[in-house]
Amino acid sequence: MRDNINKPLRGLGFPPFLRQGSVVGITCPSGYVSPDRVVYATHVLEHWGFTVKHGSTIGTGQYYFSGTDKERLHDLQAMLDDPHINAIIMGRGGYGMSRIIDGLDFTKFLRHPKWICGFSDITVLHNHLQAHYNMPCLHSPMCGAFKPETEQMDHIKTFYAALTGESIYYHAASSQFNRNGETEAVLTGGNLSLLTHLIGSVSEADTDDKILFIEDLGEHLYKIDRMLLTLKRAGKLDNLKGLILGGFTDMEDTERPFGQTVEEIIWDKVKEYDYPVCFNFPCGHQEINYTLTLGARHRLIVTEKGGVLELKR
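Cut-offs applied
Residues numbered from 1 in each chain as written. Predicted model: local features only at pLDDT ≥ 70, side-chain atom pairs only at ≥ 80, totals over all residues. Heavy atoms only, no water. Buried < 20%, exposed > 50% of the residue type's maximum accessible area, 1.4 Å probe, protein only. Helix = DSSP H or I, 4+ residues; strand = E, 2+ residues; numbered from the N terminus. Pairing = 2+ DSSP bridges. 1 Å grid on protein atoms, 1.4 Å probe; cavity = no way out; pocket = protein on both sides within 12 Å on 5 of 7 lines; lining within 4 Å. Points joined across faces, edges and corners; volume = space filled by probe spheres on them. Nonpolar A, V, L, I, M, F, W, Y, C, P; charged D, E, K, R; others polar.

*Asks:* Describe the pairing of strand 1 (residues 23–27), listing the residues and the values that go with them.
*Replies:* Burial of strand 1 is extensive: five of the five residues sit out of reach of the surface. Neither face of strand 1 is left uncovered, since the one carrying Val23, Gly25 and Thr27 and the one carrying Val24 and Ile26 both have all their residues buried. With four bridges connecting them, strand 1 and strand 2 (residues 51–54) associate as parallel partners. Of the residues in strand 2, the one forming a bridge with Gly25 is Lys53.

Below you can see the structure in the form of structure tokens.
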């Protein structure tokens, strides 16, 4: 049953941070995830002192998806409703969240808010929660990121820090395309393809007076150009307080070259504005994928040395 989006609840604040013994649910509301990708993530979460609850969509499949729309919706709904679960980590992204988002009921979730963790296709759920409930979410690694060789890496430790309420401070390498400046505002955004997909829907991102973060994977350069033009023509780039560019990995070109790099394509769309622009942010579809608290205030400083982003409580 779809929740009543005509009467949004505003200003709910942060979900409770996790502590020893907190329960973390793992579900897969989009593409198929194999059980082995969940095993080590479970190990790390338990090592951190959390109790892990596995959903029914781990290791199950309906062609591309981790189950039918009904099965995936039911599994995610059960975790949203469970008052004992403190955070939900998605097994993977891919595609499928927009097929079930309008069937979710957030009534019980709002009584017992919890951290919604993931990225890529989970951008749909993140933006829906921010659009209607101002609910902060974690743009974070998912199960496949947890491996023996990554367990002690800073980006995995930052996920723990975000879950437990520790201070978070990021640095991005300098770029010739950066625009220097300083700002403080709520951070929003996610995957560029999904943000454009949501325009005109009830889950559309509100970017006015926000710091916008975008990233993407495996797109043709002309498609990046087209999606950015869509954002621009929809007014999503006009009233930003700042722009952060994460990983644009595995970009493809056509047989006849597009003629611009991805950095040049992005800069061409925002060069007329005056807000800070920060390239090279270590977040997105790449091994180094730091956790961002979407829906929370951040301070962004961009200088010749690069970008600094600080989460504000």
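Structure's up, so let's keep going.
*Asks:* Can you lay out the layout of surface pockets for me, pointing to particular residues and giving the numbers?
*Replies:* The computed volume of the largest pocket comes to approximately 470 Å³. Surrounding the largest pocket, 26 residues form its lining, Arg37, Phe119, Met142, His285 and Gln286 being those nearest its centre. Those elements giving two or more residues to the lining of the largest pocket turn out to be helix 7 (192–198) and strand 8 (210–217). Split by residue class, the lining of the largest pocket holds seven nonpolar, 13 polar and six charged. Quantified by volume, the second largest pocket comes out at close to 220 Å³. Lining the second largest pocket are 12 residues, and of these Gln130, Ala131, Asn134, Asp206 and Lys210 sit closest to its centre. Elements with a contribution of two residues or more to the lining of the second largest pocket: helix 5 (123–133) and strand 7 (181–191). Per element, the largest residue contribution to the lining of the second largest pocket is three residues, and it comes from helix 5. Its residues assigned to classes, the lining of the second largest pocket comprises three nonpolar, five polar and four charged.

Purely geometric stuff here, so don't read any function into it on its own.
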